[in-house]
Amino acid sequence: MEEPQRGIRAAFAESTITVYQAYSPEIGLPAASEGRFPAVWKRDRMTWIKPSFLWMMYRCGWGTKAGQETVLAVEITRDGFEWALRHACLSSYVRGVHPDRVTWQRQLKRAPTRIQWDPERDLRLRALPYRSLQLGLAGEAARRYADEWTVAIRDVTPLAHEIHALVTAGDLDSAARLLPQEHPYPAEDELLAHLRG
C-alpha cells in the first residue's frame, strides 16, 4: 500500500497517543521517573513532539547527540493531541493554503501550535519519499501538554540503543520487530483540513 505524501503515523490506543522527545538526562530522567516534566522543563518555550519513532531517532542520533541522550516516549491524551492539530498553523508559508504571506505570518504569531512535515526515515535513518508530522507547542499548548495532556512518560533510551545495535550489526529484521507499531492516525484528514489547499 502506498503511503500518503504527508501523514500522521503513530502508536495510539483508544484515548492516548505516544509522541517522542529527547532531552539531557537532567530533564529526561526525572521526567521518566516521576511521570511528569520537572520544574526545570521550560513551559514558556516552544517544544516539538514527534509521533514517529524513527524520525526521533534521526533527530537525536539514537540518543547519542549532546543534550538528547535520554529518549522519552510521552503518552498524551488524544483529546489534547487533536486540540493541538485543530489550533495549528503550518510552520512555513504555502501558496494555496494561505491567502498571502502576511496572513500566514499573522496566523503563525497567534497559533499555539505549528506543524512541520519532515521526511520519514528508514532503519538506517535515510529519508523516505513521504513525510511525517512534527508538532510544535508554544504558550498555552506547551503548558497543557506538560500539565494536562501527559498521561505517562517512559524512558525508551535502552530500546533506541538496542535497535541501533541491531541496525549496526546489519540485522534489520530483528531491529524492525522491536519498533513501536505505528499506524495512520484516525480522522487526520478532518483534523488537518484547515492546513491543506
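Residues numbered from 1 in each chain as written. Predicted model: local features only at pLDDT ≥ 70, side-chain atom pairs only at ≥ 80, totals over all residues. Heavy atoms only, no water.

Quick look at the sheet that holds strand β3 (residues 16–23) now. A sheet is described by the order of its strands in space; here three strands give the open sequence β3-β5-β9, paired in antiparallel fashion. Whereas interior strands pair on both sides, the edge strands pair on one side only; in this sheet they are β3 and β9 (150–155). Taken over all neighbouring pairs, the strand axes of this sheet differ in orientation by 25 degrees on average, direction set aside. Here eight bridges tie β3 to strand β5 (residues 70–77), and the two strands are oriented antiparallel to one another. Looking at the pairing, Val19 lines up with Val74 of β5. (Pairing = 2+ DSSP bridges. Helix = DSSP H or I, 4+ residues; strand = E, 2+ residues; numbered from the N terminus. Axes fitted to C-alpha atoms, helices over the stretch in contact; angles between N-to-C directions.)

Moving on to the environment of Arg196. Checked against the element boundaries, Arg196 lands in the segment after α8 (188–191). On a C-alpha basis, the gap between Arg196 and Val94 in space is 9.0 Å, while along the polypeptide they are 102 residues apart. In contact with Arg196, not counting residues within four places along its chain, are Arg6, Val97, Glu188 and Asp189. (Contact = heavy atoms within 4.5 Å.)

Bringing the nonpolar core into the picture now. Counting residues in hydrophobic clusters, the biggest one holds 34 residues, and the most contacted among them are Phe37, Ile115 and Tyr145. Of all the elements in the fold, those that place two or more residues in this core are β3, α1 (25–34), β5, α3 (78–86), β6 (88–90), β7 (113–121), β8 (127–137) and α5 (140–149). Sort the elements by how many residues they give to this core and α5 lands first, with five residues. Not counting residues up to four positions away in its chain, the partners in contact with Tyr145 are Val19, Gln21, Phe37, Trp41, Thr47, Ile49, Val74, Ile76, Leu137 and Thr150. Membership of the second largest hydrophobic core comes to 18 residues, among which are Ala22, Ala73, Ile163 and Leu179. (Core = buried A, V, L, I, M, F, W, Y, C linked by side-chain atoms within 4.5 Å. Buried < 20%, exposed > 50% of the residue type's maximum accessible area, 1.4 Å probe, protein only.)

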